[in-house]
Amino acid sequence: MRRRVAIMSTFLYTLLGLTVGASLHCSVRREISPCTCRVQEPRANAILVACERMVSFAQVVDALRDKFAPDTDISLRVAHSRLDDFANHTFQELGLAVTNLKLNHDNLSSLPESVFSGLARTEYLSLADNSLPVVPQHVLRQMPILKTLDIGRSRIQMITIADFQNMPDLQHLVLAGNDISQLEQSSMPNTLRHLHLGRNKLVHLNDTLRGLTDLEWLFLNGNQLTTLDGQLPLEGNKLALLHAGNNQLQKLPQELKSFILLESLFFQNNDLRNLGGTMQRARKLKRLHLYHNKIQELSSDEFLDLDSLEDLQLGHNKLTSLNGSLAPLRSLRCLNLTNNLLQEFSLQEIRGLRRLRIIDLSKNRISQLSGRMENLVEPETRIVELRLDHNLLRSLDGALMGVHGLQKLNLSSNLLEKIAPDDLIGLEDLRILDVSFNRLTTLEETSKTFLPSLEQLYASHNILTALKQDFHGLPVLCWADLSYNQIQTVERDLASKTRCRIHGLLGVLRIFLLGNPIHCNNQLMETIAAMEANYTKLHGIGHCQPINTGPTTAIVTASAA
């Protein structure tokens, strides 16, 4: 989730032309107090000026009037302020060449036209987060070279054909988070490259976007759209990003077949039943998000030419089979299939996907794994994380033998009754293994498997009864959670061949035994002492008292549990 938020934030920062990282102070910073300023790197002749929590617009005028040279480009932000006297002043009084103007969170509900005189050089205007019921056409007329306009979250209800007339240079328009339910035909300028209509109340686009042949990014997310058929630009050859998530779409528009420059498609949280072969030719597509739909099947050629796709999100659908559809995805790095209806998974499905790093198959109905990777996947394939938790696996049948590069394996919440020696052979890079919430009665077989990199073992909530030589194949183990089993005895030889190492540094192996019916006797006390001497701590058996063993006295208290 964090990765998706970061991607969208990057898109929006670029869309709005925001600059981050500027740090050089400007020379008049003391003279303009309470406003602040800094140089807009790397342009030495551009200054960012911020006036926060001002008590009036007069205070802004007094602070900034004639403080900068007329040829200095000023980016001015007045935010979280009271501007009750707005109508009594003009921006022309500032004597500034304002190229970027942001009036955000100022509770503005009306904008007198006269106030905005003197803004003929303004290319960027943000009126976001105010209370404007309509697009302020009269204000926009004062800015003939405006390129970017942001009126997001401002309670606008309708877009008319007159709203953006006579704006020949407008390229970036943000109308997100309003109450827009209607778009008049031809109300959008044909010059637009980026358009954000997300989080409104649109049920239909009314052919408004058909003529936007230069459109590169289109955000339609969070509306009430049921169809996009015949609504996207007639010539969408430049469209690289389309975000239509959180709508009520039941199918994808056929126009997508001709949008060959698409790089990002977001259709999550809709009612899609299938993909209909709409994106087979999108050779530049890198991100495809289709989670939380009702997709039941994928055709074998669904992703025919998508050899640039890196991120495929198909979780929370109704897939019962992958039908060999993944084979063309040679650049795929992340595959998310969580919460589907898969009953079987064959590793043939990912044959040849050399860049694949994360596979999430959790919360399906998988009862069988097939297709050993040692035979079916090229050695260059290096899967880092495999999630198979919350399925119906009773055994692994050696299917994971030789999975190259695997570091994290989650098999929790299945029906596993045993782990055979062959199940984990060749997993030389495995660092984390989770087999908690299964039906394992012993880990003895793991002692016959050598896992030279395993640092963390989670095996809580099983039905283990004894710990003998289970860790003999785990030379660098540092963490073993065996809580809530039925363990009665722990033999002193358990960790005799283990010495915790994390990134090459020596540490202490910690074994957690809370919720087990451990026999507290002299043999256990001797085991505790021997393990202490071997840098191993048992936690969760605080009812046992320590014995005196000299400098290596074993003290296991309830607080250490």
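The structure this text deals with has already been given above.
Keep in mind it's a predicted model, so treat the numbers as computed, not measured.

## Digging into the overall build of the chain
The secondary structure content of the chain amounts to 5 helices and 30 strands. Against the compact-globule benchmark of 24 Å for 561 residues, the chain has a radius of gyration of 31 Å, which places it well outside the compact range. By its C-alpha atoms, the chain is 90 × 60 × 35 Å across when sized along the principal axes. A buried classification covers 52% of the 561 residues belonging to the chain. Partitioning the intrachain contacts of the chain with sequence separation of at least 6 by distance along the chain shows that 49% fall at a separation of at least 24.

## Remarks on empty space enclosed by the protein
Under the definition given, this model contains 2 cavities of 30 Å³ or more. Estimates place the volume of the largest cavity at around 60 Å³. Together, Ile419, Leu424, Leu433, Val435, Leu443, Thr446, Leu451, Leu454, Leu457, Asp470 and Leu474 line the largest cavity. Residue classes in the lining of the largest cavity are distributed as 9 nonpolar, 1 polar and 1 charged. Within this model, the second largest cavity holds a volume of roughly 40 Å³.

## A short note on the side chain of serine 187
Relative to the helices and strands, serine 187 resides in the loop between β9 (182-183) and β10 (194-196). Here serine 187 falls in the buried class, since its relative accessible area comes to 2%. Separated by 2.7 Å, the side chain of serine 187 and the backbone oxygen of glutamate 184 make a polar contact. The residues contacting serine 187, other than those within four sequence positions of it, are Ile159, Thr160, Ile161, Phe164 and Thr208.

## A few points about the pairing of strand β3 (residues 73-79)
The element β3 is extensively covered by neighbouring structure, given that 6 of its 7 residues are classed as buried. Both strand β2 (residues 46-52) and β3 contribute to a ladder of 7 bridges, which runs parallel. Looking across to β3, one finds that alanine 50 is bridged to arginine 77. Each parallel crossover has a hand, and for β2 linked through helix α2 (residues 57-64) to β3 it is right-handed. Pairing of β3 with strand β4 (residues 97-104), which is carried by 7 bridges, proceeds in the parallel orientation. Each bridged residue has a counterpart across the sheet, and for valine 78 the counterpart in β4 is leucine 103.

## Let's talk about the packing of aromatic side chains
Scanning all chains against the criterion turns up 6 aromatic pairs. Judged by centre distance (5.2 Å) and plane angle (65°), the ring pair of phenylalanine 57 and phenylalanine 91 falls under edge-to-face. Of this pair, phenylalanine 57 sits in helix α2 while phenylalanine 91 is found in the loop between β3 and β4, placing the two residues 34 residues apart along the sequence. Take phenylalanine 57 and phenylalanine 91: they sit in the same class, and that class is buried. When the ring of phenylalanine 86 is compared with that of phenylalanine 116, the centres are 5.8 Å apart and the planes differ by 85°; the resulting orientation is edge-to-face. Of this pair, phenylalanine 86 sits in the loop between β3 and β4 while phenylalanine 116 sits in the loop between β4 and β5 (124-126), and the two are 30 residues apart along the sequence.

## Some remarks on the pattern of salt bridges
Two side chains of opposite charge can pair, provided their charged atoms sit close to one another. By the definition in use, this model includes 18 salt bridges. Aspartate 214 serves as the salt-bridge partner of lysine 238, at 2.8 Å between the closest nitrogen and oxygen. Here lysine 238 is found in the loop between β11 (217-219) and β12 (241-243), whereas its partner aspartate 214 is found in the loop between β10 and β11, with 24 residues between them in sequence. Under the relative-accessibility criterion, lysine 238 is labelled partly exposed at 42%. The salt bridge partner of lysine 294 is aspartate 271, with a shortest N-O separation of 3.8 Å. Separated by 23 residues along the polypeptide, lysine 294 in the loop between β14 (287-289) and β15 (311-313) and aspartate 271 in the loop between β13 (264-266) and β14 bring together distant segments of the chain. According to the relative accessible area criterion, lysine 294 is partly exposed, its value standing at 30%.

## Topic: helix α5 (residues 522-533)
Note that an α-helix has 3.6 residues per turn; residues three or four places apart therefore point the same way. With 12 residues, α5 should cover 16 Å at 1.5 Å per step; its first-to-last C-alpha distance of 17 Å lies within 8% of that length. Here α5 has its buried residues at Leu524, Met525, Thr527, Ile528, Ala529, Met531 and Glu532. Here the buried face of α5 lies against β26 (489-490) and β30 (536-539). N-capping of α5 is provided by asparagine 521, with a side-chain oxygen placed 3.2 Å from the backbone N of glutamine 523. Just downstream of α5 lies tyrosine 535, where phi reads positive at about 60°.

Basis of the calculations
Along every chain, residues carry numbers that run from 1 in the direction the sequence is written. Per-residue local features of the predicted model are confined to residues with pLDDT of at least 70, and side-chain atom pairs are confined, for both listing and counting, to 80 or more; whole-chain, interface and lining totals are unaffected and use all residues. Values shown for side chains rest on all heavy atoms present in the structure; no hydrogens or waters enter the calculation. In this description a helix means any DSSP run of H or I spanning at least four residues, a strand means any run of E spanning at least two, and both kinds are numbered starting from the N terminus. We take the radius of gyration over the C-alpha atoms and set the globule estimate at 2.2 Å times the residue count to the 0.38 power. Exposure categories follow from relative accessible area, calculated using a 1.4 Å probe and restricted to protein chains: below 20% of the type maximum is buried, above 50% is exposed, and the middle band is partly exposed. Whether two residues are in contact is decided by their heavy atoms, any of which lying within 4.5 Å being enough. Only protein atoms enter the 1 Å grid used here, on which a cavity is any set of points holding a 1.4 Å probe that cannot leave and a pocket is any open set flanked by protein within 12 Å on both sides along at least five of seven lines; residues with an atom within 4 Å of a point are listed as lining. Grid points are joined across faces, edges and corners, and a volume is the space filled by probe spheres set on the points. Asp, Glu, Lys and Arg are counted as charged, while Ala, Val, Leu, Ile, Met, Phe, Trp, Tyr, Cys and Pro are counted as nonpolar; the rest, among them Gly, fall into the polar class. Throughout this description, a polar contact denotes any pair of N or O atoms lying within 3.5 Å of each other; where both atoms belong to protein, one of them has to be capable of donating a hydrogen while the other can accept it, and for residues adjacent in sequence the pair is counted only when both atoms sit in side chains. One bridge is not enough; two strands pair if DSSP finds at least two bridges between them. Handedness rule for crossovers: strands pointing away from the viewer, path from the first strand over the helix to the second running clockwise, crossover right-handed. For this analysis, a ring pair means two rings from Phe, Tyr or Trp (six-membered ring only for Trp) whose centres lie within 6.5 Å, classed as stacked if their planes differ by under 30 degrees, edge-to-face if by over 60, and tilted for the remaining angles. The salt bridge criterion pairs a side-chain nitrogen of Lys or Arg with a carboxyl oxygen of Asp or Glu, the two atoms within 4 Å. A helix is expected to span 1.5 Å multiplied by its residue count minus one.

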